[in-house]
Amino acid sequence: MKLRMLPEGWIGWMAAGLFVVLAVVLGRSSILFTSEFVRKNENDHFRIQLRALGGLLRYRLEIPIVRFVGDSVEFKHEKSNSFAVGQTSNEGRHRVGAETVMRKIEQARLLLRYTDHFTSWLRRALSYVRITDWRWDTSVGTGDAAWTAITTGMIWSAQTGLLGLLSQFTRLSAPPRTTVQPLYNQTYFSTEWRCIAEISLGKAMFAGLQLLVRIRKVKGGFSVWQNTLFKA
């Protein structure tokens, strides 16, 4: 019995076929971004979750405590990362003051200066994002009926204005929900916000490549980005 020989170069063709299949699978998978913020009276809670590759890659950031200390904001954070079977987690406390905010603003300006038409790239990248869930519910009361009505109107304008601005850059694939409930007979404030955004992994990779090209077009761009992100 003779063994049938495989065509010459079959390993290369098989590798190319696997690469195409992998590229298609990655291109059709999505990155899911979930963010939530809850404030009730003096209690705050902020959470960010990131999922990719069908849940194989996960990232979670929670900030359960936010306090104002003088002219600074102090918060506690809890982070966890997981890929396939491995997982790491850590927690700590940070304080952010005016000096830190100004330094971050200057770093952002520097990155903008060393990127070719960064705002154009950002608009294009955001156009790939789909908002699949948007909920923002607020209850407010000042103890005075007139001031409660005025405050309710201001909050409603802020919430709908932000939603309108967001809809100009991203795609809303589900009806958003935003409410403001006035409480005329008490002093109270609470707000609950939830947003779920989705982008295909293929488009995210394409946007990343476009950003690298724009950085390379500016002399010294890579060095500035590397130094700035490393210092951050």
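Heads up: these notes are all about the structure in this document. Predicted model, so just to flag it, every value in this text is computed and none were measured.

We now examine the nonpolar core. If you look at the biggest cluster of nonpolar residues, it comprises 21 residues, and the most contacted ones within it are Trp-121, Ile-131, Trp-134, Leu-211 and Trp-225. Going through the elements one at a time, helix H3 (118-126), strand E6 (130-142), strand E9 (187-200), helix H5 (201-217) and helix H6 (221-231) are the ones with two or more residues in this core. Other than its neighbours up to four places away in sequence, Leu-211 contacts Thr-115, Phe-118, Trp-121 and Trp-225.

This paragraph deals with the pattern of salt bridges. Applying the stated criterion to the full structure yields nine salt bridges. Linking Arg-177 and Asp-137 is a salt bridge whose minimum nitrogen-to-oxygen distance equals 2.5 Å. Placement of the pair is Arg-177 in strand E8 (residues 177-182) and Asp-137 in strand E6, with a sequence separation of 40 residues. A relative accessible area of 43% places Arg-177 in the partly exposed class.

Our next topic: unusual backbone geometry. Trans is the prevailing form of peptide bonds, just as negative phi is the prevailing case for residues other than glycine. Even without glycine at this site, His-117 takes up a positive phi of about 50°. Within the secondary structure layout, His-117 lies in the loop between helix H2 (98-113) and H3. Owing to a relative accessible area of 53%, His-117 belongs among the exposed residues under this scheme.

A few words on a nonpolar patch on the surface. The grouping of Val-101, Met-102 and Ile-105 at the surface amounts to a nonpolar patch, some 250 Å² of accessible area in total. Within the secondary structure, Ile-105 sits in helix H2. Here Ile-105 falls in the partly exposed class, since its relative accessible area comes to 35%.

The subject of this paragraph is the packing of aromatic side chains. What describes a pair of aromatic rings is the distance from one ring centre to the other and the angle between the planes of the rings. Counting across every chain of the model gives four aromatic pairs. When the centroid spacing of 6.5 Å and the interplanar angle of 55° are considered together, the rings of Phe-37 and Phe-46 count as tilted. A residue is classified by how much of its surface remains accessible, and Phe-37, at 27% relative accessible area, is partly exposed. A relative accessible area of 23% means that Phe-46 is categorised as partly exposed. When the ring of Trp-134 is compared with that of Trp-136, the centres are 6.4 Å apart and the planes differ by 70°; the resulting orientation is edge-to-face.

Summarising the element assignment, Asn-43 is placed in strand E2 (residues 43-52). Note: C-alpha distance between Asn-43 and Pro-64 (21 residues apart in sequence) is 8.4 Å.

Reading the values: the criteria
Residues numbered from 1 in each chain as written. Predicted model: local features only at pLDDT ≥ 70, side-chain atom pairs only at ≥ 80, totals over all residues. Heavy atoms only, no water. Core = buried A, V, L, I, M, F, W, Y, C linked by side-chain atoms within 4.5 Å. Buried < 20%, exposed > 50% of the residue type's maximum accessible area, 1.4 Å probe, protein only. Helix = DSSP H or I, 4+ residues; strand = E, 2+ residues; numbered from the N terminus. Contact = heavy atoms within 4.5 Å. Salt bridge = Lys/Arg side-chain N within 4 Å of Asp/Glu carboxyl O. Patch = residues over 30% accessible without salt bridge, like charges linked within 9 Å, V, L, I, M, F, W, Y side chains within 5 Å. Areas by Shrake-Rupley, 256 points an atom, 1.4 Å probe, with all protein chains shown as cover. Phe/Tyr/Trp six-rings, centres within 6.5 Å; stacked < 30°, edge-to-face > 60°.

These results come straight from atomic positions and should not be treated as a statement about function.
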